[in-house]
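# Breakdown of the fold
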Amino acid sequence: MSIGAGIALFVIGAILAFAVNLPNDYVSLSMIGYIMMGAGVVVFLIGVILLVRRRQIDTVTRTEGAGGAQVTRSTTRSANDDLV
């Protein structure tokens, strides 16, 4: 969801910065647009970083003893992996 929010912030900011040309003495819509574009990039990057961290993790432990080899496999998955 944060990736989509980042893209939405960037698009709305670009519209304010480049497409809206309203004379206003109090607020610079171009500056607000640039700020929103920057915030959109930051939110997008945070979303991508969180998505990469949710990947599947496999840990394999091998114990060899007198009775033979024993292999223990531990798998950790994200709750959202089932939706993909």
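It should be noted that the structure appears before, not after, this text.
Thresholds, definitions, all that
- Residues numbered from 1 in each chain as written.
- Predicted model: local features only at pLDDT ≥ 70, side-chain atom pairs only at ≥ 80, totals over all residues.
- Heavy atoms only, no water.
- Helix = DSSP H or I, 4+ residues; strand = E, 2+ residues; numbered from the N terminus.
- Expected span 1.5 Å × (residues − 1).
- Contact = heavy atoms within 4.5 Å.
- Patch = residues over 30% accessible without salt bridge, like charges linked within 9 Å, V, L, I, M, F, W, Y side chains within 5 Å.
- Areas by Shrake-Rupley, 256 points an atom, 1.4 Å probe, with all protein chains shown as cover.
- Salt bridge = Lys/Arg side-chain N within 4 Å of Asp/Glu carboxyl O.

## Some details on helix H1 (residues 2–19)
Along an α-helix, residues three or four apart share an orientation, since each turn contains 3.6 residues. The terminal C-alpha atoms of H1 lie 25 Å apart, and with 18 residues this matches the ideal 26 Å at 1.5 Å per residue to within 8%. Against helix H2 (29–53) lie the buried residues of H1.

## What about H2?
Taking 1.5 Å per residue, 25 residues should reach 36 Å; H2 reaches 36 Å between its end C-alpha atoms and fits that length. For H2, the secondary structure elements touched by its buried residues are H1.

## Let's talk about the environment of Leu 50
Looking at the secondary structure, you find Leu 50 in helix H2. Along the sequence, Leu 50 and Ser 2 sit 48 residues apart, while their C-alpha atoms lie 9.3 Å from each other.

## Description of a nonpolar patch on the surface
Together, Ile 7, Phe 10, Val 11, Ile 15, Val 41, Phe 44, Leu 45, Val 48 and Val 52 make up an exposed nonpolar region whose accessible area comes to about 710 Å². Sorting the residues of the nonpolar patch by element identifies H1 and H2 as the ones contributing at least two each. Broken down by element, the residue count for the nonpolar patch peaks at 5 residues, all from H2. By the secondary structure assignment, Ile 7 is in helix H1.

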